[in-house]
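# Summary of structural features
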Protein chains: 2
Amino acid sequence: MSAYTEMNQEALQSEYARVSREYAELKARGLKLNMARGKPSKQQLDLVSDMFDLMQKPEDYVSDGIDVRNYGELAGLPAARRMFADILGCRPEQVFVGGNASLQLMYDTISKAYTHGLLRSPRPWCREEKVKWLCPAPGYDRHFKVTESFGFELITIAMTPDGPDMDAVEAAVADPAVKGIWCVPKYSNPDGIIYSQETIRRLAALKPAAPDFTIMWDNAYCIHEFEGEYVEFPDMLAVCAQAGNPDMVFEFASTSKVTLPGAGVSCFACSEENLAYMEKLLGVQIISFDKVNQQRHVLYLKDKAHTLELMKKHAAILGPKFRCVVDALDREIAPLGIANWSRPKGGYFISLNAMTGTAKRALELCKEAGVTMTGDGATFPYGKDPADSNIRIAPSLPPVEELEQAIAVLCVCLKLAALEKLLA
Amino acid sequence: MSAYTEMNQEALQSEYARVSREYAELKARGLKLNMARGKPSKQQLDLVSDMFDLMQKPEDYVSDGIDVRNYGELAGLPAARRMFADILGCRPEQVFVGGNASLQLMYDTISKAYTHGLLRSPRPWCREEKVKWLCPAPGYDRHFKVTESFGFELITIAMTPDGPDMDAVEAAVADPAVKGIWCVPKYSNPDGIIYSQETIRRLAALKPAAPDFTIMWDNAYCIHEFEGEYVEFPDMLAVCAQAGNPDMVFEFASTSKVTLPGAGVSCFACSEENLAYMEKLLGVQIISFDKVNQQRHVLYLKDKAHTLELMKKHAAILGPKFRCVVDALDREIAPLGIANWSRPKGGYFISLNAMTGTAKRALELCKEAGVTMTGDGATFPYGKDPADSNIRIAPSLPPVEELEQAIAVLCVCLKLAALEKLLA
């Protein structure tokens, strides 16, 4: 099979006829498959459901002398704070342990900046003329939506294999209206890249015009290798402090993809001064988050070393799924020269760049054939991919046999969309 | 013992000497007792901790075909929505089931009104010149703090034995800056009164100048009788709808004092149109709340009838504590004519009105003697009780034997503060 771009009109026509028949056959199967979201599979949920056996002995209800069943401990159980500090490499006093969703903690951080201002804010952001926000893209649609929902102007920053384009970031923060940036520093969503040491150093050393510029450091996949060994990663709180910017970063993490997506435990970490400030605001909103579930997680995960052992079991489930997708793309698409894709070793996504101007059409075709994918443009601010190229593949949910079918459909749709474009 | 107000100076002096000695003796005991917050006791927590035995069979993880362990179902498990609808007397489609804290849901409602506006808002409340809020007082300090934290002007509305002074409410809502009112309609915090049918009818029939005026109907104690039978209570959503104001009310409830204070399940209920609007905003903040805990509650509480059986067991623990407090007050304070207090049949508080100008001093004396009480003024907007009279007693946490000591201390402190005042 030669590359589509090297084929003449006649060869393209005959390939188009062939691929159209393939597509019609796949469509006739009436599939109903989903590669839309980074949802763990039933196998992963079953893997950890022995955690429900915990919390049955009266001594389990007490942690550091605290009855975990009653009100109190706004910042979370000390034992849960220690556990997350161990995982993230920061200090327990820097950690606030919340409910089941780190997205909620991120939203609330932005929301409180908007309604009350952050520690270094001259005023609440709702009193600013304009707020702008840096969005490395492709990135996570839910991040972008949070800042969009507060009316911020989203500024696209190109992603490189080392992380956000730091020249662009450094130039952008000279504008005092630029208040922050979204980052998924390890196994970024969706590219799966790890920010380089140099990118991290330059981010921590930023000298933004806005005194309350905030790095939203969503370390969602901090221990989420599915191939190879655990990769050490710097504690961004310490790096920022060393660079003279201790209050510039809020780090987020959760056990959503360690234990249970709907019923895990989330946290944020920041300077102690930031934490004291945030606690004052959070204390008006809630007396305490669910400490029973925090304690259940402390008993189940114990510490970083023990948690990394569990992550190897998740990896044994996830690894084959990612290999299945990449293998299919290598086999079916690589020779055609119509797309390139990431080969991550961790995280939950594969990022594919289809031939410019064909992503939307390929995803339409997928949908018609019963395969639900992340919507086109979702990885860009305002849901608009200027090149109409990026497709986020989420292989975690379907069993391998379904995944094989789903990726076969995607490959055919990528071909068909490219052929339509080349023949147009 | 005759009333202090009828004693002459000499009798007061001798009583003062006697009570001072009593106080000194109590203080010397080095007590450490707490009647500050409406926290359930360890006995109540133990009563429900068999709920941790649930969620161990694979079939428990599935509810209406939904795997409760994964992401999804923003508005909560259908079964949890049905359960709360049964308890509140509304329809499941009107119910949103959240995390462990109804305070968080209330805060988020106000916060979203501030940042985005509610369904009927002409603009977000942060864009209003001024927002005013009605606070029936004595009331719940955490309610007042939420609206205070957003810079609203808090307007005190007098409480009557039938609920808020409705003449004052009706007059106040003619001001378009008045955007809402806090209500604890059944066993109000702290008075323990039940709003009368007439109060409810007049609230539902309000014709506020603000199109987005909102009744925050915190039905925190909807099934929380500790004496006598369960008291039926109208569904405020239906009453408002009948009065032509379907979107004027948000109702809140939780299992914090049914199962576990730190690890229960909360909900809000509102018109379906309101719910659709709120879901759009909430969907940016969170993918879904903890459905495993929702399912645990569905399996444990089952329905209203079964939950009411559990509440009788809580009543058996709480009832004697409330009687212990009221009996001590009847015995020690009633003859002196220096205070009056409520005799609630449900809820978590007793509201005591000390002699004008003595509450702060009495609470100071309590603290010095090792008894922590709700701070003076806490039951009024801005923490300021103009009469310096109201004291909120929370008898739920201490065991009866400790409670007897704590209330003995309070009685002596009430006497001492009154005597100091009468002798000044």
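Computed from a predicted structure; not experimentally measured. (Residues numbered from 1 in each chain as written. Chains lettered and ligands numbered in written order. Predicted model: local features only at pLDDT ≥ 70, side-chain atom pairs only at ≥ 80, totals over all residues. Heavy atoms only, no water.)

## Concerning the overall build of chain A
Condition: Under the scheme used here, helices are H or I runs from DSSP no shorter than 4 residues and strands are E runs no shorter than 2 residues, and both carry numbers assigned from the N terminus. Only protein chains enter the accessibility calculation, which uses a 1.4 Å probe; a residue is then buried when its area is under 20% of its type maximum, exposed when over 50%, and partly exposed in between. By the convention used here, residues are in contact when the closest approach between their heavy atoms is within 4.5 Å. Shrake-Rupley sampling with a 1.4 Å probe provides the accessible areas, and residues are treated as covered by the protein chains on show and by no other component. Just so you know, the count uses Lys and Arg for positive and Asp and Glu for negative, and it drops His and the chain ends. Positions of charges follow a simple convention, taking NZ of Lys, CZ of Arg, CG of Asp or CD of Glu.
The number of helices and strands found in chain A is 13 helices and 15 strands. Looking at the 424 residues of chain A, the share that counts as buried comes to 63%. Counted over contacts in chain A with a minimum sequence separation of 6, partners at least 24 positions apart contribute 77%. Of the roughly 15200 Å² of accessible surface on chain A, a fraction of 51% belongs to carbon and sulfur atoms. With 46 positive and 55 negative side-chain charges, chain A shows a spacing of 3 Å between the two charge centroids.

## A look at the relation of the copies chain A and chain B
This is how it is decided: Only residues with pLDDT of at least 70 in both copies count here: their C-alpha atoms drive the least-squares fit that superposes the copies.
Of the transformation superimposing chain A on chain B, the axial component is 0.0 Å and the angular component is 180°, with the fit at an RMSD of 0.0 Å. The symmetry that links the two subunits is that of a two-fold axis.

## Overview of empty space enclosed by the protein
This is how it is decided: Using only the protein atoms, space was sampled on a 1 Å grid; points where a 1.4 Å probe fits but cannot get out form cavities, open sets with protein on both sides within 12 Å along at least five of seven lines form pockets, and lining residues are those with an atom within 4 Å of a point. Grid points are joined across faces, edges and corners, and a volume is the space filled by probe spheres set on the points. Lys, Arg, Asp and Glu make up the charged group, whereas Ala, Val, Leu, Ile, Met, Phe, Trp, Tyr, Cys and Pro make up the nonpolar group; the residues left over, Gly among them, are polar.
Under the criterion given, the structure shown has eight cavities of 30 Å³ or more. Each pocket or cavity is described by its volume, and for the largest cavity that value is around 170 Å³. Lining the largest cavity are 19 residues, with Gly99(A), Asn100(A), Asp290(A), Asn100(B) and Asp290(B) positioned closest to its centre. Residue composition of the lining of the largest cavity, grouped by class: four nonpolar, 13 polar and two charged.

## Quick look at the pairing of strand E6 (residues 153-160) of chain A
Residues and elements named next belong to chain A. The test is simple: Two strands make a pair as long as DSSP finds a minimum of two bridges between them.
As defined by bridge partners, strand E5 (residues 132-137) adjoins E6 across six bridges and the pair is classed as parallel. Of the residues in E6, the one forming a bridge with Ala137 is Ala158. Note: E6 against strand E7 (residues 163-164), two bridges, orientation antiparallel. Residue Thr160 lies in a different strand from E7, and its bridge partner there is Gly163. Here E6 folds back onto E7 in antiparallel fashion, the turn holding two residues.

## Quick look at the pattern of salt bridges
Once the charged atoms of two side chains with opposite charge are near each other, the side chains can pair. Put simply, the test is: Salt bridges, as used here, are contacts in which a Lys or Arg side-chain nitrogen is within 4 Å of a carboxyl oxygen on Asp or Glu.
Evaluated as defined, the whole model comprises 60 salt bridges over all chains. Lys27(A) serves as the salt-bridge partner of Glu368(A), at 3.6 Å between the closest nitrogen and oxygen. Taken together, the residues span a long stretch of sequence, with Glu368(A) in helix H12 (residues 359-368) and Lys27(A) in helix H1 (residues 9-28) at a distance of 341 residues. Linking Arg202(B) and Asp167(B) is a salt bridge whose minimum nitrogen-to-oxygen distance equals 2.6 Å. Note that Arg202(B) is positioned in helix H7 (residues 197-204) and Asp167(B) in helix H6 (residues 166-172), a separation of 35 residues in sequence. One network of salt bridges, with partners in common, ties together Lys42(A), Asp46(A), Asp67(B) and Arg69(B).

## Brief notes about the packing of aromatic side chains
When we look at a pair of aromatic rings, we describe it by the centre distance and by the angle of the planes. Rule in force here: Between rings of Phe, Tyr and Trp, where Trp is taken as its six-membered ring, a pair exists when centres lie within 6.5 Å; planes separated by under 30 degrees are stacked, by over 60 edge-to-face, and by other angles tilted. Here, a charge over a ring is recorded when the distance from Lys NZ or Arg CZ to the ring centre is within 6 Å and its angle to the ring normal is within 35 degrees.
This structure, assessed with the given rule, holds 34 aromatic pairs over all chains. Ring geometry for Trp133(A) and Trp182(A): centres 5.9 Å apart, planes at 55°, overall tilted. With Trp133(A) in strand E5 and Trp182(A) in strand E8 (residues 178-183), this pair connects stretches of sequence that are 49 residues apart. Just as Trp133(A) is buried, Trp182(A) falls in that class too. Between Tyr114(B) and Phe152(B) the ring centres are 6.5 Å apart and the planes differ by 40°, which places this aromatic pair in the tilted class. With Tyr114(B) in helix H4 (residues 102-115) and Phe152(B) in the loop between helix H5 (141-149) and strand E6 (153-160), the pair connects residues that are 38 residues apart, well separated along the chain. Per residue, the accessibility class of Tyr114(B) equals that of Phe152(B), and both read buried. Against the face of Tyr348(A) rests Lys257(A), its NZ or CZ located 5.3 Å from the ring centre.

## Brief notes about the side chain of Gln104(A)
For Gln104(A), the location among the structural elements is in helix H4 (residues 102-115). Beyond its immediate stretch of four places on either side in the chain, Gln104(A) contacts Phe289(A), Gln104(B), Gln285(B), Ile286(B) and Phe289(B).

## Examining the confidence of the model for chain A
Residue and element names in this part refer to chain A. As a reminder of what qualifies: The pLDDT value expresses, per residue, how confident the predictor is, ranging between 0 and 100.
Confidence in the prediction of chain A, expressed as mean pLDDT, is 97, and 100% of residues score 70 or more. By mean pLDDT, the top-scoring element of chain A is strand E9 (residues 214-218) (99), and the lowest-scoring one is strand E1 (residues 33-35) (91). Predicted complex metrics record ipTM = 0.97 and pTM = 0.97.

## Side note on the environment of Asp165(A)
Residues and elements named next belong to chain A. What counts, and what does not: Pairs of N or O atoms are called polar contacts if they sit within 3.5 Å, as long as, within protein, a hydrogen donor faces a hydrogen acceptor (for residues adjacent in sequence, only side-chain-to-side-chain pairs).
Looking at where Asp165 falls in the secondary structure, it is placed in the loop between E7 and helix H6 (166-172). With a relative accessible area of 27%, Asp165 lands in the partly exposed category. In the structure, Asp165 is positioned 29 residues away from Pro136 in sequence and 8.0 Å away in space, judged by C-alpha atoms. A distance of 3.1 Å separates the side chain of Asp165 from the backbone nitrogen of Asp167, its partner in a polar contact.

## Regarding the packing of H4(A) against helix H5 (residues 141-149) of chain A
Residues and elements named next belong to chain A. What counts is decided by this rule: Between N-to-C directions, angles cover 0 to 180 degrees, with each direction set by a line fitted to C-alpha atoms, over the stretch in contact for helices. Roughly parallel here means an angle under 35 degrees, roughly antiparallel means over 145, roughly perpendicular means 65 to 115, and every remaining angle is called oblique. When the near helix sits turned anticlockwise from the far one by under a right angle, the crossing is termed left-handed; a clockwise turn instead gives a right-handed crossing.
Packing of H4 against H5 brings their axes to within 10 Å, and their N-to-C directions diverge by 25°. In this view, H4 runs roughly parallel relative to H5, as classed from their interaxial angle. The hand of the H4/H5 crossing is right-handed. For the pair H4 and H5, the contacting residues are Leu103, Met106, Tyr107 and Ile110 in the first and Arg142, His143, Val146, Thr147 and Ser149 in the second. Its residues placed into classes, the contact of H4 with H5 shows five nonpolar, three polar and one charged.

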